[in-house]
Amino acid sequence: MQSMLEIRSPSNGTGWADHWTFSGADDRLLRACLEELAEYVTEPPVTKADRWRAAMLFTDDENALRLGLGAAPSSDIRAWTSDGALQLAEILPERLSSVRDAIIQRFAQT
């Protein structure tokens, strides 16, 4: 199975996003870590007005993997707040350090 994780936030009204694709053992490891973030779950964005509410998005939808998260129906996307992203950074193992470092860089300063 393959999945995609995206971290995102508004920045001076324009916004940014970084994403990673996972498969195999890394995918299973990420999924296990995401399961520990239940208290930080939020609704995935549906309209432009709420596009920045979710700081972190996850999907294993095939269209999203090929075309980007905007191609997946919101029902196929899981979402978390920025506090959830920071909590993920706390529990990610060393082998996923690039994700951890990006989360800390983007959200620890806000």
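As the structure is a computational prediction, the values presented were derived from the model and not from experiment.

Draft legend 1. Up close: the pattern of salt bridges. Considering all chains together, one arrives at 8 salt bridges under this definition. Between Arg31 and Asp27 there is a salt bridge, and its shortest N-O distance comes to 2.8 Å. Pair noted here: Arg31 and Asp27 are both in helix H1 (residues 24-34), with a separation of 4 residues, about one helical turn. Residue class for Asp27 comes out buried when judged on its relative accessible area of 3%.

Draft legend 2. How the structure looks around the nonpolar core. Ranked by size, the top nonpolar core spans 23 residues in total, and within it Leu5, Ile7, Leu30, Leu34, Met56, Leu88 and Ile103 carry the most contacts. Counting residues per element, the ones that place at least two in this core are strand S1 (2-9), strand S2 (16-23), H1, strand S4 (56-59), helix H3 (82-91) and helix H4 (97-107). When residues in this core are grouped by element, the largest group, 4 residues, is from H4. In this structure, Ile7 is in contact with Trp16, Ala17, Asp18, Trp20, Ala55, Met56, Ala102, Ile103, Arg106 and Phe107, ignoring residues within four places of it in sequence.

Draft legend 3. Expanded view of the side chain of Glu6. Looking at the element boundaries, Glu6 is found in strand S1. Accessibility expressed as a relative area gives 9% for Glu6, which makes it buried.

Draft legend 4. Focus on H3. The set of residues buried in H3 consists of Gly84, Ala85, Leu88 and Ala89. One face of H3 carries all of its buried residues, which in axial projection span an arc of 150 degrees. Lining the buried residues of H3 we find S1, H1, S4 and H4.

Draft legend 5. View of the side chain of Asp27. Separated by 2.4 Å, the side chains of Asp27 and Ser3 make a polar contact. Residues contacting Asp27, with those up to four places away along its chain left out, are Met1, Gln2, Ser3, Phe22 and Phe58.

Draft legend 6. View of the sheet that holds strand S5 (residues 77-80). The strand order S2-S1-S4-S5-S3 describes an open sheet built from 5 strands, whose pairing is antiparallel. Pairing within the sheet leaves two strands with one partner each, and these edge strands are S2 and strand S3 (41-42). Direction of pairing for S4 relative to S5: antiparallel, over a ladder of 4 bridges. Considered in S5, the bridge of Thr59 is made with Ile77. Together, S1, S2, S4 and S5 form the strand contacts of H1, whose direction differs from that of S2 by roughly 120 degrees.

Draft legend 7. Region of interest: the pairing of S1. The buried fraction of S1 amounts to 7 of the 8 residues, a majority that puts the element mostly inside the structure. Here S1 pairs with S2 via 8 bridges, running antiparallel. From the neighbouring strand, Ser9 faces S2, where its bridge partner is Trp16. In the sheet, S1 pairs with S4 via 4 bridges, with the strands oriented antiparallel. Note on S4: the bridge partner recorded for Glu6 is Leu57.

The rules behind each value
- Residues numbered from 1 in each chain as written.
- Predicted model: local features only at pLDDT ≥ 70, side-chain atom pairs only at ≥ 80, totals over all residues.
- Heavy atoms only, no water.
- Salt bridge = Lys/Arg side-chain N within 4 Å of Asp/Glu carboxyl O.
- Helix = DSSP H or I, 4+ residues; strand = E, 2+ residues; numbered from the N terminus.
- Buried < 20%, exposed > 50% of the residue type's maximum accessible area, 1.4 Å probe, protein only.
- Core = buried A, V, L, I, M, F, W, Y, C linked by side-chain atoms within 4.5 Å.
- Contact = heavy atoms within 4.5 Å.
- Arc of directions from axis to C-beta.
- Polar contact = N/O pair within 3.5 Å; in protein donor to acceptor, adjacent residues only side chain to side chain.
- Pairing = 2+ DSSP bridges.
- Axes fitted to C-alpha atoms, helices over the stretch in contact; angles between N-to-C directions.

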